Every structure is written in structure tokens, then in C-alpha cells.
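# Structure assessment
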Amino acid sequence: MLKIAKNNLPALFAVIAKSADLYLPIRKGTVNYAPWSEDADVDLDTLKTVKSPKDFFLPQSETLYTAALAGKKIQLEAEPFADTPFVVFGVKGCDVKGIEILDKVYLSDPVDKFYEARRKHGTIVSMACAEPQATCFCKPFSIDAANPAGDVVAWMADGNLYWEAKTEKGKKLTEIVSSMLESAADDIVTAQQKDIRQKIDALPYNSGLPLDRFKAERLIELFDAPQWDSLYQTCLACGTCTFICPTCQCYDIKDFDAGECVKRYRCWDSCMYSDFTLMAHGNPRKTQKERFRQRFMHKLVYYPDKNDGEYSCVGCGRCVNKCPASLNIVKVIKSLGVNADV
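About the cut-offs
- Residues numbered from 1 in each chain as written.
- Predicted model: local features only at pLDDT ≥ 70, side-chain atom pairs only at ≥ 80, totals over all residues.
- Heavy atoms only, no water.
- Pairing = 2+ DSSP bridges.
- Helix = DSSP H or I, 4+ residues; strand = E, 2+ residues; numbered from the N terminus.
- Buried < 20%, exposed > 50% of the residue type's maximum accessible area, 1.4 Å probe, protein only.
- Polar contact = N/O pair within 3.5 Å; in protein donor to acceptor, adjacent residues only side chain to side chain.
- Contact = heavy atoms within 4.5 Å.
- Axes fitted to C-alpha atoms, helices over the stretch in contact; angles between N-to-C directions.
- Patch = residues over 30% accessible without salt bridge, like charges linked within 9 Å, V, L, I, M, F, W, Y side chains within 5 Å.
- Areas by Shrake-Rupley, 256 points an atom, 1.4 Å probe, with all protein chains shown as cover.
- Salt bridge = Lys/Arg side-chain N within 4 Å of Asp/Glu carboxyl O.
- Core = buried A, V, L, I, M, F, W, Y, C linked by side-chain atoms within 4.5 Å.
- Domains from an automatic or database assignment.

### Quick look at the pairing of strand S1 (residues 2–5)
Bridge count for S1 against strand S9 (residues 160–165) is four bridges, and the pairing is antiparallel. Opposite Ile 4, over in S9, you have Leu 161 as the bridge partner. In this structure, S1 lies alongside strand S10 (residues 182–183), joined through two bridges in antiparallel fashion. Looking at the pairing, Leu 2 lines up with Ser 183 of S10.

### Describing the side chain of Glu 310
Along the polypeptide, Glu 310 turns up in the loop between helix H9 (288–306) and helix H10 (318–322). The class of Glu 310 is buried, set by a relative accessible area of 15%. At a separation of 2.5 Å, a polar atom in the side chain of Glu 310 contacts the side chain of Lys 97. Ignoring sequence-local partners within four residues, the contact set of Glu 310 consists of Lys 97, Ile 101, Lys 104, Tyr 303 and Pro 304.

### Details of the sheet that holds strand S5 (residues 73–78)
With antiparallel pairing, four strands are arranged side by side in an open sheet as S5-S4-S12-S11. The open sheet has two edge strands, S5 and strand S11 (251–257), and neither has a second partner. Across the sheet, the mean angle separating the axes of adjacent strands is 25° when strand polarity is ignored. Relative to strand S12 (residues 262–268), S11 runs antiparallel, the two being bridged by seven bridges. Across the sheet, Phe 256 pairs through a bridge with Lys 263, a residue of S12. Of the strands in this sheet, strand S4 (61–70) and S12 touch helix H3 (residues 113–121), which is tilted by about 130° from S4.

### Concerning a nonpolar patch on the surface
Together, Leu 69, Ile 74 and Leu 76 make up an exposed nonpolar region whose accessible area comes to about 370 Å². Summarising the element assignment, Leu 69 is placed in strand S4. Owing to a relative accessible area of 66%, Leu 69 belongs among the exposed residues under this scheme.

### Details of the nonpolar core
Counting 53 residues, the largest nonpolar core has Phe 214, Trp 228, Phe 292 and Leu 300 as the members making the most contacts within it. Taken together, the elements giving at least two residues each to this core come down to helix H2 (93–106), strand S8 (152–157), helix H5 (187–202), helix H7 (228–231), H9, H10 and helix H11 (329–337). Looking at this core, the element that brings in the most residues is H9, giving six residues. Looking at this core, you find at least three residues from each of domain 1 (2–206) and domain 2 (211–338). Membership of the second largest hydrophobic core comes to 24 residues, among which are Leu 12, Ala 20, Met 127 and Ala 154.

### What to know about the pattern of salt bridges
Using the criterion set out here, one finds 21 salt bridges in the structure. The shortest N-O distance in the salt bridge between Glu 62 and Arg 266 comes to 2.7 Å. With a gap of 204 residues between them, Glu 62 in strand S4 and Arg 266 in strand S12 connect regions that are remote in the sequence. Each of the two residues, Glu 62 as well as Arg 266, counts as buried. A salt bridge links Asp 255 to Arg 264; its shortest N-O distance comes to 2.7 Å. A cluster of three or more residues bridged by salt bridges with shared partners is formed by Glu 62, Asp 112, Arg 118 and Arg 266.

### Concerning the pairing of strand S6 (residues 86–91)
With six of six residues buried, S6 is to be regarded as a mostly interior element. Direction of pairing for strand S2 (residues 21–28) relative to S6: parallel, over a ladder of three bridges. Across the sheet, residue Asp 21 finds its bridge partner in S6, namely Phe 86. Examined bridge by bridge, S6 and strand S7 (residues 122–127) share five bridges and lie parallel to one another. Looking across to S7, one finds that Val 91 is bridged to Ser 126.

As C-alpha cells, this is what we get:
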């Protein structure tokens with residue numbers, strides 16, 4: 001175990017930034033991940049950034065290739081893959097798990113080379129959740145907020161940041177900043193972990209979530225459950241839940257006329273939109289009820305069926321905080337999971 005005084009963190013960030021692009025939670029009204037600079041208002045105390053850090057591996061919009069006329073021929077120029085090392089600092093356990101879920105989608109055959117390149121060059125420094133919130137429910141999804149995954153895991157306690165490398169990437173980063181760190185006993189971290197787990201256990205959503213019914217063998221029963229008729233009613237189809245979710249992975253591919261060329265790009269899309277997967281013959285899910293059901297069936301049934309029972313939710317609680325209609329996955333789980341007929 002290593003440590004650095006909290007008031008020396010700006011110097012630590014400066015050292016990291018010399019070897020890689022550095023991104024941290026930055027306060028600009030709200031708190032979101034942004035590039036580090038000496039005058040940035042770094043905020044490692046805020047539990048949840050508005051958006052998750054998945055943008056660094058799956059950008060909200062990215063160009064795939066450019067097409068232009070060269071005489072009478074069309075010339076295609078592929079966008080180069082990312083090749084610059086970067087560090088994302090202060091990632092909470094739920095968001096690390098969210099990236100691992102994306103890995104199973106984008107690193108499975110056929111591998112997405114754009115995503116793969118970013119994962120190869122990105123190092124994640126995660127941070128334990130010292131003060132979890134009432135809207136957190138990560139524990140039912142097998143996430144330990146007191147000891148999250150990551151290349152380096154950090155804990156903020158007793159005026160220090162405690163640091164432990166977990167992977168080869170983490171060890172390489174530790175070597176780069178080794179002059180800034182000093183050895184430390186792990187008793188303070190152990191005590192904080194115990195305290196965090198007690199707080200997590202006391203949160204209202206972390207116990208009693210009836211997930212056992214969400215199994216592939218009950219797919220038809222869940223799909224036809226009458227509860228969907230009432231659950232979706234207040235949904236505004238705004239897509240907020242999908243854009244703040246750490247695990248949502250859907251995208252659209254579009255062409256943009258840039259004048260002398262056409263750029264083909266992909267951008268995040270939402271299954272809550274009426275034009276999602278729109279084809280020449282129309283949309284396979286014509287009603288908001290069908291679109292609402294698709295989102296939660298995918299997270300709770302379809303994805304787990306293909307990924308050894310792992311759900312496509314990490315319990316970050318962003319949808320609980322941000323949905324303007326107060327709809328969220330917790331309500332869906334409780335509504336469908338406790339009914340004896342489902």
C-alpha cells in the first residue's frame with residue numbers, strides 16, 4: 001500500500017499528465033470528467049459525475065471514415081485508431097463495472113477496433129466510495145464499492161490518498177509516480193472499507209431487490225407481464241436514462257455532408273426513441289410500451305442470458321437521480337420481481 005497527502009495531489013496530477021492525457025472529475029457548474037489543467041477545479045469528493053466515463057472508450061460521436069471524389073473514383077480514408085495513452089482518474093466501482101460490461105460487447109468477436117484501441121491505451125484509476133448515496137444499489141450487482149476494480153485502486157482517508165496497483169497498467173503508472181508516493185500500512189484503508197460496506201448495507205435499494213425472477217427461462221412470462229402496461233405510462237421518451245447510463249451501448253451510423261467530402265460517423269442512440277432501428281418498412285417497436293420494455297428486458301434478461309448471468313446494470317443510481325418522470329430500473333425490478341405470476 002502506498003499513499004500521498006491530499007494537498008500534494010496537484011503535483012501528482014502534473015506528473016501523470018507529463019506521460020499521458022489525464023482526465024478527472026472537474027467541476028464546471030456540474031461535475032463531469034474533463035482534461036486536467038493546473039487551474040482545473042478537480043472534484044474527487046462528488047460521488048457521481050453526471051455522465052459516466054464510458055465516453056473515453058465509446059465516444060458520444062466519432063468519425064469512422066471519410067469518402068471523397070478523386071476524379072471519377074471514390075477515395076475512402078479510414079479514421080486512425082487511438083494511439084495516445086491516457087489516464088481516467090477517480091472512477092467509481094459501478095463505472096468500472098460498466099466498462100467491463102462494454103468490454104463483453106465490443107471486444108467479443110467481431111472485435112470493435114476503435115474501442116479496442118482505446119481500451120489498450122487507457123488506464124483506469126478507480127476510487128472507493130467513501131460516502132455512498134441513498135440512490136446507490138451496486139451491491140446486488142456484485143460490485144464492492146469499498147474495493148472496486150481498476151488498474152489502480154485509491155482510497156481517500158485521513159487526509160491522504162491511498163494507492164494500490166492491481167494490473168500491469170497500474171504498475172507502470174505507479175512506477176511513473178513512485179517518487180510522489182510513500183509506503184503506508186493498510187489499517188486505515190481496511191477500516192474505511194469496513195465503514196463503506198456498513199453504509200452500503202444500510203442503503204434502501206441494496207437489500208431486497210428481487211432479481212431472482214429475471215432469468216432466461218422466464219423470458220416469455222416477463223415479456224408478457226401486465227405490469228408493463230402501467231410502468232411505461234409516464235415515460236417521456238426523452239432518452240436521459242440511456243445517455244447517462246454506464247452500460248448502454250447502442251449507436252447509430254450516419255453520413256455527414258462536409259462539402260468536399262462525406263464523413264461517416266457513429267453516435268450514441270437510444271432504444272427509447274421512436275426512430276430507433278427505423279428501417280424502410282418501419283420500426284419493429286411501434287409503441288412506447290414496446291420500447292420501454294426493450295430497454296429493461298435487455299438489461300435484466302437478454303444480456304444476462306448471453307453473458308453468464310451478469311446483468312447489464314451496475315446500480316449507479318443515475319437513472320434514479322435524473323429521470324424527469326421518476327422511472328428507473330429499481331421500480332421495474334420491484335414491480336416485476338415480486339409478482340408471483342411472473
